[in-house]
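Spelled out, the chains give:
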Amino acid sequence: MWGNRERKRECVRNNKNICYSNNMLVGRIIKQQAVLTKQICRAYSAVGIPELTQDRLNVKRDDYATLKDGDITFFQSIVGSRYTLQEDLQAYNLDFYYTVRGNSKLVLKPGSTQEVSAILKYCNERKLAVCPQGGNTSVVGASVPVFDEIVLSLARLNKIINIDEMTGIATCEAGCILENLDNKARELDLIIPLDLGGRSSCHLGGNISTNAGGLRVVRYGNLHGNVLGLEVVLANGEVMDLMSDFKKDNTGYHLKHLFIGAEGTLGIVTKLSILCAPLPQAQHLAFIGLPSFNDVLKTFKSARSNLGEILSACEMIDAPTLQASLDHFEVSSPINGFPFYMLIETSGSNWQHDLAKINNFIEIGMEKGEIVDGTIASELGKMQEIWKLRELAAMSFGKDGYCFYYDLSLPLRKFYDIVDVVKDRVGSLATRVGGFGHLGDSNLHLNVSCPKYSPELYQKLEPFVYEYIHKLKGSVSAEHGIGFLKKNYLKFSKSPQAIQMMKDIKMQLDPKGILNPYKVLQ
């Protein structure tokens, strides 16, 4: 904490490498090590196991076949009895937030692309519905069945095939956990250009199937740009080899993009190649307090101008969000008492150069009154403690009892307006209303918590939130996909012509509709 502007100015003028008070430490990192985060237990709402989705929402089952003993025998011949699961399937039937609950009676765990192919070929012939599942961290019900679909778990396809330290290209199977691949890449002075809160359990195949965004899109872009190639199994069992080791390959249609973000409805990703980024040699993280959202916008503009090529993350959290983390987890904030906070991270190759740039950026903001107070950390442990305040935000709201969670893209100038609008609309029905997210990507996470699920509060929120987004020409899903929970609201972000084309593509690739039914499209 800087205490006052004069003290901060003095440190910058003297070009000191260490400037600290009780709440601030700037230390030197020669090489960023892998962050061995412990897998955080799911923060389910306090309402217990939900009713089956098919009953709670009165969903009609499509005309799919039902499992017979002969089907089980066939699947056992492909993957073996050990990986043909028929008991204790609750974890495979429940989504991350205990919102969608299916009734699958069978989980298959293939160990190769060939086994996935054989399973899908058989299911297509029998018209047995299939729900592909990775780490099951989807928050829109994309990775769990709605009825009795066969769950096809990719957990055994977890091999890291190769990481080329010269080209920076990593090749792995779809069930590889994001954190595991990143840790291996770091051994070669590389990093995976994707980072998100579920890194210790999410699968690369699931990340690709949902076009996951995360914390550093502002620096590295999204997966459409970083994924070089895919191997995909279609509904009829055909294996599509779309693998590539090149950023440039203008040879016809780029078919890989059909499957990035398709949520397993067009094919099942079994292998991928992704371009890694160089491991940063120096990182700094600023956590700052701001007096208004207008100052947040000005500070973001300044960060892009003054930090330029070393800016790697730009996150915003509001006061209710920070308080939720402080209320429910054993964390502390280095600064308090502001309506808005920002986390601004830099990643570069020269520690002193980068520190001078972030100090200059802070100095400019303080002179203009846009930044009031804050802290800068460069030591790994300190940075992790600050990042926890942001990464625990979503689970913090769930700890209030129940949380209505919205992942939205909005025009930057209107980024926070919806939080105030929703606060006024729901009033005392909500325990807490807050917003946080990836300011650098115009991606807001709106959270509305209450003691337990409230139909009255739900009716206040939906479809109002999505209609509001539609009027601003925003997106009803910024990074989490459509899944089951948002399929009725796709029309607020896509034109009728675009939706019809999606349906045509689905019909071409999966005419019997066996792949992840009830998801994305109505």
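Parameters at a glance
- All residue numbers refer to position in the chain's written sequence, counted from 1.
- Under the rules for a predicted model, residues below a pLDDT of 70 receive no local features and side-chain atom pairs below 80 are neither given nor counted, while totals for whole chains, interfaces and linings still include all residues.
- Calculation of side-chain values draws on the structure's entire complement of heavy atoms; hydrogens and water are dropped beforehand.
- Secondary structure elements follow DSSP: runs of H or I no shorter than four residues count as helices, runs of E no shorter than two count as strands, and numbering proceeds from the N terminus.
- Throughout this description, buried means an accessible area under 20% of the type-specific maximum (1.4 Å probe, protein chains only), exposed means over 50%, and partly exposed covers the range between.
- Note on definitions: a residue-residue contact is assigned when non-hydrogen atoms from the two residues lie within 4.5 Å.
- Using the Shrake-Rupley algorithm and a 1.4 Å probe, accessible areas are obtained, with residue cover drawn only from the displayed protein chains.
- Counting rule applied: Lys, Arg positive; Asp, Glu negative; His and chain ends not counted.
- Note on charges: their place is set at NZ of Lys, CZ of Arg, CG of Asp or CD of Glu.
- Put simply, a patch holds well-exposed residues, over 30% relative accessible area, that have no salt bridge, with like charges counted together within 9 Å and Val, Leu, Ile, Met, Phe, Trp or Tyr side chains within 5 Å.
- For this analysis, a salt bridge means a side-chain nitrogen from Lys or Arg found within 4 Å of a carboxyl oxygen belonging to Asp or Glu.
- Here the rule is simple: two strands pair whenever DSSP picks up at least two bridges between them.
- All axes here are fitted lines through C-alpha atoms, helices being fitted over the stretch that makes contact, and every angle between N-to-C directions spans 0 to 180 degrees.
- Whenever a nitrogen or oxygen atom comes within 3.5 Å of another N or O atom, the pair is scored as a polar contact, on the condition that within protein one atom can donate a hydrogen and the other can accept it, and that pairs from neighbouring residues in sequence are kept only if both atoms are in side chains.
- Each angle is binned into one of four classes, with values under 35 degrees roughly parallel, values over 145 roughly antiparallel, values of 65 to 115 roughly perpendicular, and all other values oblique.
- Here a crossing is called left-handed whenever its near helix is offset anticlockwise from the far helix by less than a right angle, and right-handed whenever the offset is clockwise.
- When residues are sorted by character, Ala, Val, Leu, Ile, Met, Phe, Trp, Tyr, Cys and Pro go into the nonpolar class, Asp, Glu, Lys and Arg into the charged class, and all the rest, Gly among them, into the polar class.
- Multiplying 1.5 Å by the residue count of a helix minus one yields the expected span of that helix.

Describe the overall build of the chain, listing the residues and the values that go with them.
Assigned secondary structure in the chain consists of 19 helices and 18 strands. When its C-alpha atoms are laid out on the principal axes, the chain stretches across 80 × 55 × 45 Å. Scored against the burial criterion, the 522 residues of the chain give a buried share of 56%. Nonlocal contacts in the chain, meaning residues at least 24 apart in sequence, comprise 76% of its contacts between residues at least 6 apart. By element, 49% of the accessible surface of the chain is carried by carbon and sulfur atoms, the whole surface being about 22300 Å². Positive and negative side-chain charges in the chain, numbering 58 and 56 respectively, have mean positions lying 2 Å apart.

Describe the environment of Phe338, listing the residues and the values that go with them.
Looking at the secondary structure, you find Phe338 in the loop between helix 12 (319-328) and strand 14 (340-348). The exposure class assigned to Phe338 is buried, which follows from its relative accessible area of 16%. When near neighbours in sequence (up to four residues on either side) are disregarded, Phe338 contacts Gly289, Leu290, Ala319, Val372 and Asp373.

I'd like a description of a positive patch on the surface, backed by residues and values.
Taken together, the side chains of Lys298, Lys301, Arg304 and Lys368 make up a positively charged region of the molecular surface. Mapped onto the secondary structure, Arg304 falls in helix 11 (residues 293-307).

Outline the pairing of strand 12 (residues 282-290), listing residues and values.
Counting buried positions over the 9 residues of strand 12 gives 9, a clear majority of the element. Relative to strand 15 (residues 373-377), strand 12 runs antiparallel, the two being bridged by 5 bridges. By the bridge assignment for strand 15, Phe287 is matched with Thr375.

Tell me about the sheet that holds strand 8 (residues 227-233), and name the residues and values.
Overall, antiparallel pairing links the 5 strands, which are arranged 5-6-10-8-9 in an open sheet. Lying at the two open borders of the sheet, with one neighbouring strand each, are strand 5 (160-164) and strand 9 (239-242). The mean angle between the axes of side-by-side strands here comes to 10 degrees, regardless of whether they run parallel or antiparallel. Relative to strand 9, strand 8 runs antiparallel, the two being bridged by 4 bridges. When the sheet's bridge partners are listed, Val232 is paired in strand 9 with Met240. The strands touched by helix 5 (residues 113-126) are strand 8, strand 9 and strand 10 (268-275); relative to strand 8, the strand with the most contacts, the crossing angle is about 45 degrees.

Can you tell me about the pattern of salt bridges, naming the residues and giving the values?
Applying the stated criterion across every chain, the model contains 17 salt bridges. In this structure, Lys121 and Glu125 form a salt bridge, with 2.9 Å as the shortest nitrogen-oxygen distance. Remark: Glu125 and Lys121 occur in helix 5; sequence separation between them is 4 residues, near one turn of the helix. For Lys121, a relative accessible area of 45% translates into the label partly exposed. Given the relative accessible area of 52%, Glu125 is considered exposed.

Tell me about the sheet that holds strand 15, and name the residues and values.
The strand order across the open sheet built from 7 strands is 15-12-14-13-17-18-16, with neighbouring strands paired in antiparallel fashion. Only two strands of the sheet have a single partner each, and these edge strands are strand 15 and strand 16 (402-409). Neighbouring strand axes in the sheet, compared pairwise and without regard to direction, differ in orientation by 15 degrees on average. Sheet analysis places strand 12 next to strand 14, joined by 9 bridges and oriented antiparallel. When the sheet's bridge partners are listed, Leu285 is paired in strand 14 with Glu345. Where helix 11 meets the sheet, its contacts fall on strand 12, strand 13 (311-318) and strand 14, and the angle it forms with strand 14 comes to roughly 10 degrees.

Let's hear about a nonpolar patch on the surface: which residues, and what values?
A cluster of nonpolar side chains, namely Tyr253, Leu255 and Leu258, defines an oily patch on the protein surface of about 340 Å² accessible area. Its location among the elements puts Tyr253 in the loop between strand 9 and helix 10 (256-259).

Explain the side chain of Asp407 residue by residue, including any values.
With respect to the element layout, Asp407 can be found in strand 16. No salt bridge forms around the buried Asp407; measuring N to O, its nearest opposite-charge neighbour Lys486 is 4.6 Å away. At a separation of 2.9 Å, a polar atom in the side chain of Asp407 contacts the side chain of Asn443. Engagement of the side chain of Asp407 in a polar contact is seen with the backbone nitrogen of Ala478, the distance being 3.0 Å. Sequence-distant contacts of Asp407, defined by excluding residues within four places in its chain, comprise Asn443, Leu444, His445, Ser475, Val476, Ser477, Ala478, Glu479, His480 and Lys486.

Describe the packing of helix 3 (residues 69-79) against helix 5, and please don't skip the residues or the numbers.
At a closest axis distance of 9 Å, the pairing of helix 3 and helix 5 adopts a crossing angle of 165 degrees. One element, helix 3, and the other, helix 5, form an angle in the roughly antiparallel class. For helix 3 against helix 5, the interelement crossing comes out right-handed. Seen from helix 3, the contacting residues are Gly70, Asp71, Phe74, Phe75, Ile78 and Val79; seen from helix 5, they are Glu115, Ala118, Ile119, Tyr122, Cys123 and Arg126. Of the residues assigned to the contact of helix 3 with helix 5, the class counts are 8 nonpolar, 1 polar and 3 charged.

An account of unusual backbone geometry is requested, with residue identities and associated values reported.
A cis amide bond links Glu462 to the next residue, Pro463, at an omega of 10 degrees. In this structure, Asn58 takes a positive phi of about 55 degrees despite not being glycine. Summarising the element assignment, Asn58 is placed in the loop between helix 2 (53-56) and helix 3. In this structure, Asn516 is a non-glycine residue whose phi angle is positive, near 45 degrees. Relative to the helices and strands, Asn516 is located in the segment after helix 19 (496-509). A residue is classified by how much of its surface remains accessible, and Asn516, at 2% relative accessible area, is buried.

Just give me the short version of helix 13 (residues 351-367), but keep the residues and values in it.
With 17 residues, helix 13 ought to run about 24 Å at 1.5 Å a step, and its terminal C-alpha atoms sit 24 Å apart, in line with that. Every buried residue belonging to helix 13 is among Trp351, Asp354, Leu355, Lys357, Ile358, Asn359, Phe361, Ile362, Glu363, Gly365 and Met366, and all of these are buried. After helix 13 finishes, the residue Gly369 shows a positive phi value of roughly 80 degrees.

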